[in-house]
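Fold and contact review
Each chain, letter by letter, is given below.
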Amino acid sequence: MPNPFEIAQSQLDEAAKRLNLDADLHHLLREPMAEHKVRIPVRMDNGAVKIFTGFRIQYNWSRGPCKGGIRFHPEETIDTVRALAAWMTWKTAVVDIPLGGGKGGVICNPKEMSVGELERLSRGYMRAVAKFLGPEVDVPAPDVYTTPQIMAWMMDEYEVIAERHVPGIITGKPVNVGGSFGRGDATARGGMVCLREAANALGIHLKGATVAIQGYGNAGAHAHQLCNEMFGCTVVAVSDSRGGIHLQQGLECHHVAEFKERNGTVAGYPGAKAITNEELLELDVDILIPSALENVITDANAAKVKAKIVAELANGPTTPEADNILHQNGVFVIPDFLCNAGGVTVSYFEQVQNASNDRWKEAEVHRRLDEVMTTAFTNVFMRRAREEVHTRLAAYLVSVERVAEACVTRGWAGSRNK
Ligand code: GLU
């Protein structure tokens, strides 16, 4: 399994070379600015105490407070969190919101924990990292296997420590405790704006276009619904960690979501053909939406991807070797930190609403999200055309340039483009 942080660094190296970035600046941007590793004792339901390991990594705060989710995953490592924190830095920069990048993670398997154990772990994590966070320092959010409920517990724990209301300590909260309307499907919705713009630019008709979605968490399940509702696409295949389903005439999103709710997986959905996650990536579809974990499109399968557009709602689904293969084969990739930036964009809106004790209507959130994502996509698309590079590198050029400029302005490292 390729190391995601080495991948993130090699992507940066390529951009730094092309931007002719000063060596000290490049060196600064290659590593996180701060890393915290914590141990979290949790009383389990059987009475025993289990010690969990957690991380919070603050990659770069030159453009604003660090921002990024918390992942609960059995295979979490410090290097995955480092990579995700780096990608958050480029993500907030590509959509040009005044934030830096950070990420958190806990090594655990939420699927094997009771609700009470999850709550105690969430509160324990917040107690362990509280001193490193703050609305003007670093603001977490949901990610893989963390939910609005978990955000609410974490906010509540922080407020006990702070002895006051601090809703801006975390985003992705339920709407009844300071969450923003429109945050729930924001990651997928932002990706749909990119998809709409990409299809327009490439002359692809989305109505009736076939789609395969890998992953059926927050991003994947909402992508299914929005592909249907916004564009009238036919979603022919979806999957989750336990397997996939394929139905050429199209899968109805509400039925699949209900089935997953009842059974914990989409696998076994009646009337559809069972397929593996690997087979899903190679289906003959117009659009492929990886929405699960990193490193799923590699040099081993990239040549078999038949989609015209790959819209990356997951973080880090494509390795650099696969990127080159897709580019050579004329597959248009909407890179992760652009495609999935809708989540953090609405998180930013949530912060703004919390700071001003305000509440925006859902339609207002959608309008602003569309504007931010359209502008970001257009910038990257133009950069790609101008520099004749693949889309991920174009996005890196836009983002690294912005972060580098902020570092230079602050006097942290040498001047750019010398
Ligand atoms: N975890 C999400 C991401 O990877 C959202 C981060 C946020 O809202 O701060 O972009």
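In this text, all values refer to a predicted model and were calculated from it rather than measured experimentally. (Residues numbered from 1 in each chain as written. Predicted model: local features only at pLDDT ≥ 70, side-chain atom pairs only at ≥ 80, totals over all residues. Heavy atoms only, no water.)

The subject of this paragraph is the environment of D24. Along the chain, D24 turns up in helix α2 (residues 23–29). Judged by relative accessible area, which is 42%, D24 ranks as partly exposed. Here the alpha-carbon distance between D24 and S415, two residues 391 residues apart in the chain, equals 9.3 Å. Apart from residues no more than four positions distant in its own chain, D24 is found in contact with A413 and G414. From its side chain, D24 meets the backbone nitrogen of G414 in a polar contact 3.0 Å long. (Helix = DSSP H or I, 4+ residues; strand = E, 2+ residues; numbered from the N terminus. Buried < 20%, exposed > 50% of the residue type's maximum accessible area, 1.4 Å probe, protein only. Contact = heavy atoms within 4.5 Å. Polar contact = N/O pair within 3.5 Å; in protein donor to acceptor, adjacent residues only side chain to side chain.)

With that settled, the discussion passes to the nonpolar core. In this structure, L29, W90, V238, I289, I309, I334 and V400 are the most contacted members of the largest nonpolar core, which totals 90 residues. Beyond its immediate sequence surroundings of up to four residues, W90 is in contact with L12, L29, F337, Y396, S399, V400 and V403. Counting 27 residues, the second largest nonpolar core, distinct from the first, contains I40, F72, M151 and I170. (Core = buried A, V, L, I, M, F, W, Y, C linked by side-chain atoms within 4.5 Å.)

Another aspect to go through is the packing of aromatic side chains. Counted by the stated rule, this structure contains nine aromatic pairs. Their ring planes at 55 degrees and their centres at 6.1 Å tell us that W90 and Y396 sit as a pair that is tilted. Of this pair, W90 sits in helix α3 (residues 78–94) while Y396 sits in helix α14 (residues 391–410); the two residues are 306 residues apart in sequence, bridging distant segments of the chain. As far as burial versus exposure is concerned, W90 and Y396 are alike and both buried. Relative to W360, the ring of F349 has its centre 5.4 Å away and its plane inclined at 45 degrees; by these criteria the two rings are tilted. Highlighted residues: F349 in helix α12 (residues 342–355) and W360 in the loop between α12 and α13 (362–387), separated in sequence by eleven residues. Pair check on accessibility: F349 and W360 agree, each one buried. (Phe/Tyr/Trp six-rings, centres within 6.5 Å; stacked < 30°, edge-to-face > 60°.)

Strand order across the open sheet formed by four strands is β1-β2-β5-β4, with mixed pairing between neighbours. At either margin of the open sheet sits one strand with a lone partner, and together these are β1 (34–43) and β4 (70–73). Each strand axis lies, on average, 20 degrees off the axis of its neighbour in the sheet, ignoring direction. Where β1 meets strand β2 (residues 49–60), ten bridges bridge the pair, whose relative direction is antiparallel. Note on β2: the bridge partner recorded for P41 is I51. (Pairing = 2+ DSSP bridges. Axes fitted to C-alpha atoms, helices over the stretch in contact; angles between N-to-C directions.)

Turning next to the pairing of strand β9 (residues 243–246). The alternating pattern of β9 places G243 and I245 and G244 and H246 on opposite faces, both of which are buried. Bridge analysis of strand β8 (residues 234–240) against β9 gives four bridges, and the strand direction is antiparallel. Bridge pairing links D240 to G243 in β9. Where β8 folds back on β9, the antiparallel hairpin that results is connected by two residues. The pairing of β9 with strand β10 (residues 273–275) spans three bridges and is classified as antiparallel. Each residue of the ladder has a partner; that of I245, found in β10, is A274.

With that settled, consider the packing of α13 against α14. Axis separation between α13 and α14 bottoms out at 8 Å; the angle between their running directions is 110 degrees. It follows that α13 is roughly perpendicular to α14 by the angle criterion. Both α13 and α14 take part in a crossing whose hand is right-handed. The segment α13 lies against α14, with N379, V380, R383, R384 and E387 engaging T391, A394, A395, L397, V398, E401 and R402. (Parallel < 35°, antiparallel > 145°, perpendicular 65-115°, else oblique. Left-handed = near helix turned anticlockwise from the far one by under 90°.)

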